[in-house]
Amino acid sequence: MVPAPTLDVHPPAPPPNGEPSTAPQKSQKTMTKAERRELQERQRAAKAAKTSANGAPGKQGGKPKDQTPVAGGATKQKSTRASEIQAKPAAPAATKAAEKAKASQAAFAADATAKNQARGLLIFSHFGLPKPVSAAKGDIHPAIVRLALQFSTFKITGANARCIATLTAFKTVIQDYVTPPNHTLSRHLMTYLSPQISHLVAARPMSVTMGNAIRQLKLDISGSDPDLPEQDAKDALCRKIDTYIRERIIIADQVIQETASNKIKDGDVILTYARSSVVEKVLLEAHTSGRNFSVIVVDSRPMLEGKRLVAVLSDAGIQCTYLLLPALGSVMSEVSTVLVGAHSIHTNGAVYSRAGTALVAMIAKRHSVPVVVCCETYKFSESIQLDSFTKNELAPLGDLFSSFPNNKPRESLTLENQPNLEILNPLYDLTPPSCITAVVTEVGVIPPNSISSIPVALGRLL
């Protein structure tokens, strides 16, 4: 009779790192994340080694090859030879599994180290990051798509410029809009504008000026006469947009430049920071009126907006001095007045403006130099902001940190994010009201502690 085949019992493979299997193991609840990952990798390596040892080619039905009965004494020799063939690939397989486990552990440790190194910048992760505009979702008008691209690439900057561009694009959207059957313009147009607004916000966070203008536009749409013909209603809305731009921005700037320019006297040294369209108009108006004064333009990276302001003022014949923010303390003692613009102004009197404005205002206060903010009332926000950390944006990357050496191409001098380098350029900061002397608006010169009275001065809510 042929003896029944027997099955070999293989002991479990030892851990690949050589640790004894009898060591007491902690429960997974008490293990750290790294320890649980290490345990999983060790179990995978042991399973791979066991599979390689038992899974040699030639086995049938789970029966080892060395158990095949053969007549005569050849049975024992064949069994021994088959065992040797099976034993050879087992060791390399176990070694490879152990190496793979060690590589995985090393990669996990490197990833943890990288996260720990970048942890210092994780607190700024909520800032609005400049990002390319994704594909339009929904029925987005081409004018809105084009404007979103200009916003995301910072082709259009400045609170006034962004607001005017947004309202002009909405005029085109309204003129091309067609009311569907069984709908009214005053109701369906609001629904149609919502994805347009969302597309702009996806390109770059909405400014306070854009929010106030869009809020007023929605009020005008909801108040449209439903009995008017569609084209007449659209024309009426476009006229209201033109009126808003003219009264709240253009005429407001004219009043501000007349009021603020009267504060500039002969021989004054005016210091301004970055570039504000309103401050630029004030300085040009004072020069046109025949006053003899000089201007110090303080600038900072990465946007270097003051260069454009220096070019405009010097072309107009105004004596200008250009310097960067670190050199501010050396010239502040010669300054008569500081004129700055604003991105928005809040109920508590704090001014939200280009990053670096707060530093300029604080140094000016230290030297007893008056700080005057030129700001239209449509930039007023009813919210209270205490710092520039809770809400901010990041300026675009690609700052050229040096223009030397000249034998290197310009692209090689571009400062961008790298594995061991993170660029952090907050776009705005908050100037406390204690560092501001006065705010010049189209309704008059207002002290910072009375900013909350702006809606009352206008006779309506913003």
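Reading the values: rules and limits
- Residues numbered from 1 in each chain as written.
- Predicted model: local features only at pLDDT ≥ 70, side-chain atom pairs only at ≥ 80, totals over all residues.
- Heavy atoms only, no water.
- Helix = DSSP H or I, 4+ residues; strand = E, 2+ residues; numbered from the N terminus.
- Areas by Shrake-Rupley, 256 points an atom, 1.4 Å probe, with all protein chains shown as cover.
- Pairing = 2+ DSSP bridges.
- Salt bridge = Lys/Arg side-chain N within 4 Å of Asp/Glu carboxyl O.
- Buried < 20%, exposed > 50% of the residue type's maximum accessible area, 1.4 Å probe, protein only.
- Polar contact = N/O pair within 3.5 Å; in protein donor to acceptor, adjacent residues only side chain to side chain.
- Expected span 1.5 Å × (residues − 1).
- Bend = angle between axes of the 7 residues up to and from the residue.
- pLDDT = per-residue confidence, 0-100.
- Contact = heavy atoms within 4.5 Å.
- Phe/Tyr/Trp six-rings, centres within 6.5 Å; stacked < 30°, edge-to-face > 60°.
- Lys NZ or Arg CZ within 6 Å of the ring centre and 35° of its normal.
- Axes fitted to C-alpha atoms, helices over the stretch in contact; angles between N-to-C directions.
- Parallel < 35°, antiparallel > 145°, perpendicular 65-115°, else oblique.
- Left-handed = near helix turned anticlockwise from the far one by under 90°.
- Nonpolar A, V, L, I, M, F, W, Y, C, P; charged D, E, K, R; others polar.

**A word on the overall build of the protein**
In step 1: Regarding its fold elements, the protein presents 11 helices and 13 strands.
In step 2: For the protein, the exposed surface amounts to about 25,800 Å²; the carbon and sulfur share of it is 56%.

**Comments concerning the sheet that holds strand β5 (residues 344-346)**
In step 1: Across the sheet, which stays open at both edges, the 4 strands sit in the order β8-β5-β6-β11 with mixed pairing between neighbours. One side of each edge strand has no neighbouring strand; the edge strands of this open sheet are β8 (380-381) and β11 (428-431).
In step 2: Pairing geometry for strand β6 (residues 351-354) and β11, over 4 bridges, is antiparallel. Considered in β11, the bridge of R354 is made with Y428.

**Some thoughts on the pattern of salt bridges**
In step 1: As enumerated under the stated definition, the model contains 9 salt bridges in all.
In step 2: In this structure, R42 engages E38 in a salt bridge whose closest nitrogen and oxygen atoms are separated by 3.5 Å. Highlighted residues: R42 and E38, both in helix α1 (residues 33-54), separated by 4 residues, approximately one helical turn.

**Quick look at the environment of S453**
In step 1: With respect to the helices, strands and loops of the structure, S453 is situated in the loop between β13 (444-446) and α11 (454-458).
In step 2: Judged by its relative accessible area of 32%, S453 is partly exposed.
In step 3: For S453 and T347, which are 106 residues apart along the polypeptide, the C-alpha to C-alpha distance reads 8.6 Å.
In step 4: Among the polar contacts made by the side chain of S453, one reaches the main-chain carbonyl oxygen of S450 at a distance of 2.6 Å.

**Observations concerning helix α7 (residues 230-261)**
In step 1: Across its 32 residues, α7 extends 45 Å between first and last C-alpha, which sits within 8% of the 46 Å expected from 1.5 Å per residue.
In step 2: The sharpest bend along α7 reaches about 35° and sits at R246.

**Overview of the confidence of the model for the protein**
In step 1: When pLDDT is averaged along the protein, the result is 80; 71% of the residues meet or exceed 70.
In step 2: Within the model, the stretch residues 56-80 combines pLDDT values under 50 with 18 contacts to residues more than four positions away or in other chains.
In step 3: In this model residues 116-120 is a low-confidence stretch, pLDDT under 50, and it forms 1 contact with partners more than four residues away in sequence or in other chains.

**A word on helix α5 (residues 185-203)**
In step 1: The end-to-end C-alpha separation of α5 is 27 Å, in line with the 27 Å expected for 19 residues at 1.5 Å each.
In step 2: Three or more residues of α5 are buried, namely L185, S186, L189, Y192, L193, Q196, I197, H199, L200 and A203.
In step 3: Its buried side turned inward, α5 meets α3 (142-152), α4 (159-176), α6 (208-222) and α7.

**Here we look at the packing of aromatic side chains**
In step 1: Within this structure, the stated rule accounts for 3 aromatic pairs.
In step 2: Centroid distance Y177 to Y192: 5.4 Å. Interplanar angle 45°. Geometry classified as tilted. Here Y177 is found in the loop between α4 and α5, whereas its partner Y192 is found in helix α5, with 15 residues between them in sequence.
In step 3: Ring geometry for Y244 and Y378: centres 6.3 Å apart, planes at 85°, overall edge-to-face. Here Y244, found in helix α7, pairs with Y378, found in the loop between β7 (371-374) and β8; they are 134 residues apart in sequence, far enough to count as distant.
In step 4: A residue is classified by how much of its surface remains accessible, and Y244, at 11% relative accessible area, is buried.
In step 5: The aromatic ring of F151 is capped on one face by R162, whose charged end is 5.1 Å from the ring centroid.

**What about the pairing of β6?**
In step 1: Direction of pairing for β5 relative to β6: antiparallel, over a ladder of 2 bridges. Opposite S344, over in β6, you have Y352 as the bridge partner.
In step 2: In textbook terms, the turn of a hairpin is the stretch between consecutive antiparallel strands, and for β5 and β6 this stretch comprises 4 residues, one of which, G349, has a positive phi near 90°.

**Regarding the side chain of T337**
In step 1: With respect to the secondary-structure elements, T337 resides in strand β4 (residues 337-340).
In step 2: T337 has contacts with V269, I270, L271, V369, P370 and V372, leaving out every residue within four places of it along the chain.

**Observations regarding the packing of α7 against helix α8 (residues 277-288)**
In step 1: The contact between α7 and α8 brings their axes to 8 Å, and the two run at 55°. On the basis of the axis angle, α7 is oblique to α8. Judged by the twist between their axes, the crossing of α7 over α8 is right-handed. For the pair formed by α7 and α8, the contact residues are D253, I256, Q257, A260 and S261 on the first element and V278, K281, V282, E285 and A286 on the second.
In step 2: For the contact of α7 with α8, a count of residues per class yields 5 nonpolar, 2 polar and 3 charged.

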